[in-house]
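Summary of the model geometry
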Amino acid sequence: MKPPGFESWGRFPKAEPAAVLPIFWRSDRPFQMAPPPFLPFGMGRSYGDSCLNGGATLLATRHLDRFLAMDEARQLVTCEAGVTLGEILEQVVPRGLFLPVVPGTKHVSVGGAIANDVHGKNHHRAGTFGAHVASLELLRSDGSRLTCSRTERPELFAATIGGLGLTGVILSASIRLQSIGPGVEHVQSETVPVRALDELLALVRESDGDHEFTVAWIDCLATGTRVGRGLLHRGNWAAAPRPSSPRQAPRLSVPMEFPVSPLNRFTLSAFNCLYRAKGRVTGGPRFVHHDSFFFPLDRIGHWNRIYGTAGLLQFQCAVPHVSASSAIRQMLGAIAAAGEGSFLAVLKDFGSVGSPGMLSFPREGVTLALDFPNKGDRTAGLFRKLHAMVAAHGGRLYPAKDAHMSAEQFRMQFGDVLPRFRAQIDPAFSSSFWRRVQQ
Ligand SMILES: Cc1cc2nc3c(=O)[nH]c(=O)nc-3n(C[C@H](O)[C@H](O)[C@H](O)COP(=O)(O)OP(=O)(O)OC[C@H]3O[C@@H](n4cnc5c(N)ncnc54)[C@H](O)[C@@H]3O)c2cc1C
């Protein structure tokens, strides 16, 4: 009944479900087989507890893995919600099509991508994943199967996109695709070294104008005038197929969990030096296979095990453009003062395309994401400081990554839409995250 492995990517907090019920068919009605509350579980690529339901029932959707329709003329794919974005790309890239929005891993399910309304490196052009969902089919705990779109049950549709799995089980969805051209598999990419934060922020926005994809890596150990130094990666789809196709390097995997994380200031400092040097050497324009460009971390399976048994926490915030410089400077200062650092300190621009979901995270501004090994109270204390800075600058936190947001912060962030959202929640659904932020 309860197979192992139903944990989040950060492996913190630990919240064991009492039962896990797999859904195999869209006609399944699992609700009599275990007690509520229920929560759908996709690929478990959320970091915190939004995909967890401690002491209650998870509805595992991975077996909903069928493609239902492919309309090439209308560039529309319809599939069940357990299909992963990687599986969609395998089908559509040979047809000259691509998903309009992909996050930093392709191992996420369609249901999970919708329920967190995920974003990619092209938010300034394409907005979020949910903006490209033409319609979806939702299973409610009363057994009803409801079709939702912008025109059919629009309130339930807007609550389900970014709805954290609380409105029911998404069974299937129709997603609009983007044309990249026949045979195209590569992105023409360039890496630009940047010396300091304001230069980085200016260059990201300038690059948004003529690049479909922009993302920056920050060396979070840099201090003083060098705060915010890093590398800006930017790119556009290649205009034509490339003759040679250097595909993603062979996949490695971390075979076991490290009892104690080997990641510390020394390894971090060495990594940052090497990464910056590599960026300077390989910086010029070059063609990169889409797998390497969009999903570099997928090259190492189970990389979260490197963080040891205590797990990792990701902090991701978005702050308005007007306060981005001071907010990010302050946050990087607090991280350095706490003696912490992150291998993955990623900065992206959020453009003005509106998010379709009531609880969607992206708002116009700059988003910063960092990973930290979980050191218990010490990490929790740092997160409290960072959260206060985000709130003071009118920013927000990403529920898909969060493990520490307080109920007060959640209300501050989403208070204006909460009554509308609550009206659409399935009464038999809940999650560890939801119970935490509703206290
Ligand atoms: C390496 C890495 C890089 C990432 N990069 C990004 C990024 O660039 N941008 C970004 O936005 N996110 C990013 N993420 C986060 C990830 O994209 C999201 O957390 C995504 O939602 C995970 O999908 P999943 O299938 O694993 O869903 P899960 O983590 O299993 O679940 C996520 C939520 O979706 C709900 N859910 C799942 N399936 C269904 C369903 N069928 N019906 C209704 N609700 C459902 C769950 O209840 C839960 O609330 C990254 C994660 C990793 C590990």
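Data block above holds the structure.
Attention here is on the structure that accompanies the text. Being a predicted model, the structure only gives us computed values, none of them experimental.

Definitions and limits used
- Residues numbered from 1 in each chain as written.
- Predicted model: local features only at pLDDT ≥ 70, side-chain atom pairs only at ≥ 80, totals over all residues.
- Heavy atoms only, no water.
- Helix = DSSP H or I, 4+ residues; strand = E, 2+ residues; numbered from the N terminus.
- Rg over C-alpha atoms; globule rule 2.2 N^0.38 Å.
- Buried < 20%, exposed > 50% of the residue type's maximum accessible area, 1.4 Å probe, protein only.
- Areas by Shrake-Rupley, 256 points an atom, 1.4 Å probe, with all protein chains shown as cover.
- Lys, Arg positive; Asp, Glu negative; His and termini not counted.
- Charge placed at Lys NZ, Arg CZ, Asp CG, Glu CD.
- Near = heavy atom within 4 Å.
- Polar contact = N/O pair within 3.5 Å; in protein donor to acceptor, adjacent residues only side chain to side chain.
- Nonpolar A, V, L, I, M, F, W, Y, C, P; charged D, E, K, R; others polar.
- Axes fitted to C-alpha atoms, helices over the stretch in contact; angles between N-to-C directions.
- Left-handed = near helix turned anticlockwise from the far one by under 90°.
- Contact = heavy atoms within 4.5 Å.
- Pairing = 2+ DSSP bridges.
- Core = buried A, V, L, I, M, F, W, Y, C linked by side-chain atoms within 4.5 Å.
- Salt bridge = Lys/Arg side-chain N within 4 Å of Asp/Glu carboxyl O.

On a plain count of helices and strands, the protein chain comes out with 12 helices and 20 strands. The globule rule puts the C-alpha radius of gyration for 439 residues at 22 Å, and the 21 Å found for the protein chain is close to it. In terms of principal-axis extent, the alpha carbons of the protein chain reach across some 60 × 50 × 45 Å. By the burial criterion, 59% of the 439 residues in the protein chain qualify as buried. With the model as given, the accessible surface of the protein chain reaches about 17600 Å², and the carbon-plus-sulfur share is 56%. In the protein chain, the 47 positive side-chain charges and the 36 negative ones have mean positions that sit 4 Å from each other.

Every one of the 36 residues lining the ligand counts as a neighbour, but Pro40, Arg45, Ser46, Ser109 and Tyr398 are closest to it. Contacts to the ligand include serine 50, whose backbone N or O atom sits 2.9 Å from an oxygen atom. Here an oxygen atom of the ligand and a side-chain polar atom of tyrosine 398 are 2.7 Å apart. With the chains in place, 97% of the 970 Å² that the ligand exposes on its own is no longer accessible. Looking at the shell around the ligand, the elements with two or more residues in it are strand E2 (38-41), helix H2 (110-115) and strand E9 (169-176). Across the shell around the ligand, the residue classes tally to 19 nonpolar, 14 polar and 3 charged.

Turning to the packing of helix H5 (residues 197-210) against helix H8 (residues 321-337), a few remarks are in order. Helix packing geometry: the angle between the two helix axes and the distance between the axes. For the pair H5 and H8, the least separation of the axes is 10 Å and the interaxial angle reads 145 degrees. Note that H5 runs across H8; the crossing there is right-handed. Between H5 and H8, the residues in contact are Leu197, Asp198, Leu201 and Arg205 and His321, Ala324, Ser325, Ile328 and Arg329, respectively. Here the contact of H5 with H8 is built from residues that sort into 4 nonpolar, 2 polar and 3 charged.

Below, the discussion takes up the environment of alanine 158. Tracing the backbone through its elements, the reader meets alanine 158 in helix H4 (residues 154-160). Along the primary structure alanine 158 and serine 360 are separated by 202 residues, whereas in three dimensions their C-alpha atoms are 9.2 Å apart. Those residues in contact with alanine 158 that lie beyond four places of it in its chain are Pro356, Gly357 and Met358.

Read across the sheet, 8 strands follow the order E15-E11-E13-E12-E18-E19-E17-E20 without closing on themselves; strand pairing throughout is antiparallel. Looking at strand neighbours, the two that pair on one side only are strand E15 (286-289) and strand E20 (396-397), the edges of this open sheet. Where strand E17 (residues 312-319) lies against E20, 2 bridges are found, and the strand directions are antiparallel. The residue bridging cysteine 317 from the neighbouring strand is leucine 397, located in E20. Running at roughly 15 degrees to strand E19 (residues 365-373), H8 makes contact with strand E12 (213-218), E17, strand E18 (345-350) and E19 of the sheet.

Among the nonpolar cores identified, the biggest contains 61 residues, and Phe315, Ile328, Met331, Leu347 and Phe410 are the most heavily contacted of them. Take this core: its biggest share by element is 7 residues, from H8. In this structure, phenylalanine 410 is in contact with Leu359, Met405, Gly415, Leu418, Phe433, Trp434, Val437 and Gln438, ignoring residues within four places of it in sequence. In terms of nonpolar packing, the next biggest core, distinct from the first, is built from 48 residues, Ala126, Phe129, Cys148 and Val288 among them.

Further remarks concern the pairing of strand E7 (residues 133-139). In terms of residue burial, E7 counts as a mostly covered element, since 5 of its 7 residues are buried. Relative to E9, E7 runs antiparallel, the two sharing 6 bridges. Counted as the bridge partner of leucine 136 is alanine 173 from E9. Between E7 and strand E8 (residues 145-149), which pair antiparallel one after the other, the connecting turn spans 5 residues, and glycine 143 there sits at a positive phi close to 90 degrees.

Under the definition given, this model contains 19 salt bridges. The salt bridge partner of aspartate 71 is arginine 74, with a shortest N-O separation of 3.5 Å. For aspartate 71, a relative accessible area of 27% puts it in the partly exposed group. Note that glutamate 155 and arginine 420 form a salt bridge whose closest N and O atoms lie 2.9 Å from each other. One end of the pair, glutamate 155, is in helix H4; the other, arginine 420, is in helix H11 (residues 418-422), with 265 residues separating them in the sequence. For arginine 420, a relative accessible area of 39% puts it in the partly exposed group. Within the structure, one salt-bridge network assembled from shared partners comprises Arg26, Arg66, Glu80, Glu137 and Arg145.

Residue placement: alanine 196 occurs in the loop between strand E11 (186-194) and H5. Along the sequence, alanine 196 and aspartate 219 sit 23 residues apart, while their C-alpha atoms lie 9.9 Å from each other. Those residues in contact with alanine 196, other than ones at most four positions away along the chain, are Thr225, Val227, Gly228 and Arg229.

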